[in-house]
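Structural description and commentary
Chain by chain, the residues:
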Amino acid sequence: MKNFRWAEPQTIEQAVALLAKGEGKAYPMAGGTDIFTEIQEGVVEPGLVVDLKAILGLSSIQKDGEGVRIGALTTIADLAADVMIRQDHPGLSAAASSLATPQLRNVGTVGGNLCQRPRCWYYRDAQMVCRKKGGSQCFASKGKNKYHAIYGGGICHIVYPSDLAPMLIALDARVTISSPRGERKLALADFYALPSKNVRRENVLAADELIREVRIPTAKKNEKSAYIKVKERETWDFALASAAVRAIVSGADLNDPRIVLGGVAPIPWRLVKTETSLQGKKITEASIKDALRADLQEARPLQENGYKIALVEAAVSRALLSLV
Ligand SMILES: Cc1cc2nc3c(=O)[nH]c(=O)nc-3n(C[C@H](O)[C@H](O)[C@H](O)COP(=O)(O)OP(=O)(O)OC[C@H]3O[C@@H](n4cnc5c(N)ncnc54)[C@H](O)[C@@H]3O)c2cc1C
C-alpha cells in the first residue's frame, strides 16, 4: 500500500474544500468497508483520504412534513433497526437487513453504500487495466462473466452491487449533494450513470461533491414495499439479482407500481414496461409473468449469466406477490 495523507474535517464544508484541493487524488471515506479494500489491493491510490466520521449531524433519521431524511453517515444497522422505517417503508428495512454481515452493517453507512464501487473481479484486480481504470477493453465481455450484467452493459459489464439503491429508487428517493458551490438535489434515479455516459464512474458526483442526505417522500395511503434478494449462498453475499418493489395496493390491485432491479446492470435497473403493464391490474402469478415478458426479452446475457433471467422473474414475482 502506498502512503497517503489523512484529514478529519469537522464540517461538510471543510470536507468538500479538502476534496476540491485534492485534484482528483482525494477520496472521501465514511465507514471504510469498501474503500479500504480498494486501497489495500492497490485499485485506488489516494493522495489524501478525507475521513467523514467526525462530521456531526449527518447520522440521524428524521421524519418531517415531506417525508424521511436519512443522513449520509447513518449506519446500515441503524437504518435496518429504525421502527418508523420498518413501519412506513418495510422494503427499505428488508434491503438494509439483507446487506453484508452485522459487523459491516454496524460500520458501513448509507452514503457509502450508495457510492460503493463495483465488485467485478477484473475491476478489483489491480493488474487488470480494464476500461473502468482507463484501459481499452472489458475483460468480462469474453471472460468469466457469471456475476455480470444482463442489462445496460455494452462497453463495461459491471453490476451495481448496492442493496439500498434499487429500493430507494423504488421509493422515489432524492439525494442532497454538497460541494464548495453549495447544495443540489437530485432524484436518486438520475444519480447513477451507465458506462456509455462515463465508463470510469457509476454516478454523476464530481470529485469535490458528497452526498449529504437521502430524502424519501411520505408514504402514501396503502403504499407497500418489499425487497427480495437472491444470493448464491445463505451467509453474507452480494445479490445475484434483487427486486425492489413499491406500489399502492387495494385488494389485489396495484397502482403506481415501481419495480427496480439490483445486481443485473451497471446501475439500478427499472422495469418500466412491466410497471406500465401491471398498472391497475390484479396481481397473480400469471399477470406478473405476462407483464414481465417484454422487459425480460430485452435482457442481453453474456456467455455465463443467462441464469439471471430466471432469477429476475422469480424475485420480481415473489416481491410483488408479497404486497397483496
Ligand atoms: C464482505 C463484504 C460484504 C458486503 N456485502 C454487501 C451487500 O450485501 N450489499 C451491499 O449493498 N454492499 C455490501 N458491501 C459493500 C459495503 O461494505 C457497503 O455497501 C457499505 O454500506 C459501504 O459503506 P461505507 O460507509 O463503509 O463506505 P466507504 O467504504 O467509506 O465508501 C464507499 C465509497 O463511497 C464513497 N463515499 C462514502 N461516503 C460518501 C458520501 N457521503 N458521499 C460521496 N461519496 C461517499 C467513498 O469515497 C467510497 O468510494 C459489502 C462489503 C464487504 C467488504
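Overview of the structure. Please read these numbers as outputs of a predicted model, since none were measured by experiment.

A word on the site of the ligand. Not every one of the 31 residues close to the ligand is listed here, only the nearest: Pro 28, Ala 30, Thr 33, Thr 109 and Asp 163. Gly 31 places a polar main-chain atom, nitrogen or oxygen, 2.8 Å from an oxygen atom of the ligand. Interatomic distance of 2.8 Å between a backbone N/O atom of Gly 32 and an oxygen atom of the ligand. Residue contributions to the shell around the ligand peak at four residues, all from helix H7 (residues 110-115). Here the shell around the ligand is built from residues that sort into 17 nonpolar, ten polar and four charged.

Moving on to the sheet that holds strand E3 (residues 48-51). Think of a sheet as strands paired side by side through backbone hydrogen bonds, with each pair either parallel or antiparallel. Spatially, E1-E3-E2 is the arrangement adopted by the three strands of the open sheet, whose pairing is parallel. Every other strand in the sheet has two partners, leaving strand E1 (5-7) and strand E2 (26-29) as the edge strands with one partner each. Taken pair by pair, the neighbouring strands of this sheet meet at an average axis angle of 25°, ignoring direction. As paired elements, E2 and E3 share four bridges and run parallel to each other. Within E3, the residue paired with Ala 26 across the bridge is Leu 48.

On to the sheet that holds strand E9 (residues 223-230), then. Taken together, four strands build an open sheet; the order of strands is E9-E10-E11-E12 and the sheet is antiparallel. The sheet terminates laterally at E9 and strand E12 (269-270), the two strands that pair on one side only. Strand direction decides the pairing type here: strand E11 (residues 253-262) and E12, joined by two bridges, are antiparallel. Bridge pairing links Leu 261 to Trp 269 in E12. Against the sheet, helix H12 (residues 307-321) engages E9, strand E10 (241-250) and E11, with an angle of about 30° to E10.

Cut-offs applied
Residues numbered from 1 in each chain as written. Predicted model: local features only at pLDDT ≥ 70, side-chain atom pairs only at ≥ 80, totals over all residues. Heavy atoms only, no water. Near = heavy atom within 4 Å. Polar contact = N/O pair within 3.5 Å; in protein donor to acceptor, adjacent residues only side chain to side chain. Helix = DSSP H or I, 4+ residues; strand = E, 2+ residues; numbered from the N terminus. Nonpolar A, V, L, I, M, F, W, Y, C, P; charged D, E, K, R; others polar. Pairing = 2+ DSSP bridges. Axes fitted to C-alpha atoms, helices over the stretch in contact; angles between N-to-C directions. Contact = heavy atoms within 4.5 Å.

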